[in-house]
Amino acid sequence: MLRAAERVVVFTGAGISTESGIPDFRSPGGIWTKMAPIGFDDFVHSAELRREAWRRRFAMEETFAAAQPNDGHRAIAQLVASGKASHVITQNIDNLHQQSGVPAEQVIELHGNTRYARCLDCGARAELAPIRAHFEAQGDPPDCVACGGLLKTATISFGQAMPELEMARAEAATLACDLFLVLGSSLVVYPAAGFPRLARRNGAKLVIVNREPTEQDDIADLVVHGGIGETMRVAVNA
Ligand SMILES: [Zn+2]
């Protein structure tokens, strides 16, 4: 199917990043089953919960900083570099697709990116290292240097609106593809999980690679219940 396809869209979820040592927050036993995530409204309205959100983020920093792209990321980067794949739509926030060599403009991040921060008011980008230094020295995160607004990791929190531009780009890419390849997503989180259905309805082939069964195995043209790195390395090399 890869050989026959002219325009592939790759859609990735937590399963590709767990192969790089990043825990799946939503899985049974994952962080969110032990510690409820801090919703967007709570973050905006409570200084204490903002401090808690930043404490949790900095506690994860070593994990994110140590994570490197794996064979799955590299196989995808190869598909993009060859011109076979047009876009990578991802639910992940770890920046590993960009680190594996996929140009940033071809990565569509539905849930944002946790490797940097943005001002909630003016949208200015801010780096995490100086925020952490300020936080550790003062006990509070700094405000935006441009406008004094609140800084938050550039992720989409529970209760925060989905990014309109990214959703529109993902829809356009999905409608333009002839093969939609899902890697490491159980396809339960909407609206992200709507894209494979949309691709299928629009006539594209649908392939799912995931260790566990997914919600959309029944509509896929091919389902592989296995590791992503091992599967994609072989498939792309072939
Ligand atoms: Zn600002």
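Please refer to the structure higher up on the page.
Everything in this summary refers to the structure shown in the same document. The structure presented is a predicted model; accordingly, all values stated were derived computationally and were not measured.

1. Regarding the sheet that holds strand S9 (residues 222-224)
Overall, parallel pairing links the six strands, which are arranged S3-S2-S1-S7-S8-S9 in an open sheet. Each end of this open sheet is capped by a strand with a single partner; those strands are strand S3 (107-109) and S9. Neighbouring strand axes in the sheet, compared pairwise and without regard to direction, differ in orientation by 15° on average. Where strand S1 (residues 8-12) meets strand S2 (residues 85-90), five bridges bridge the pair, whose relative direction is parallel. Opposite Phe11, over in S2, you have Ile89 as the bridge partner.

2. Some details on the packing of helix H4 (residues 47-59) against helix H8 (residues 128-138)
Two elements in contact, H4 and H8, have axes whose closest approach is 11 Å; the angle formed by their N-to-C orientations is 120°. When the interaxial angle is binned, H4 and H8 end up oblique. Read as a crossing pair, H4 and H8 show a hand that is left-handed. Residues Arg51, Trp54, Arg55, Arg57 and Phe58 of H4 pack against Leu128, Ile131, Arg132 and Phe135 of H8. When grouped by side-chain class, the residues that make up the contact of H4 with H8 number five nonpolar, no polar and four charged.

About the criteria used
- Residues numbered from 1 in each chain as written.
- Predicted model: local features only at pLDDT ≥ 70, side-chain atom pairs only at ≥ 80, totals over all residues.
- Heavy atoms only, no water.
- Pairing = 2+ DSSP bridges.
- Helix = DSSP H or I, 4+ residues; strand = E, 2+ residues; numbered from the N terminus.
- Axes fitted to C-alpha atoms, helices over the stretch in contact; angles between N-to-C directions.
- Parallel < 35°, antiparallel > 145°, perpendicular 65-115°, else oblique.
- Left-handed = near helix turned anticlockwise from the far one by under 90°.
- Contact = heavy atoms within 4.5 Å.
- Nonpolar A, V, L, I, M, F, W, Y, C, P; charged D, E, K, R; others polar.

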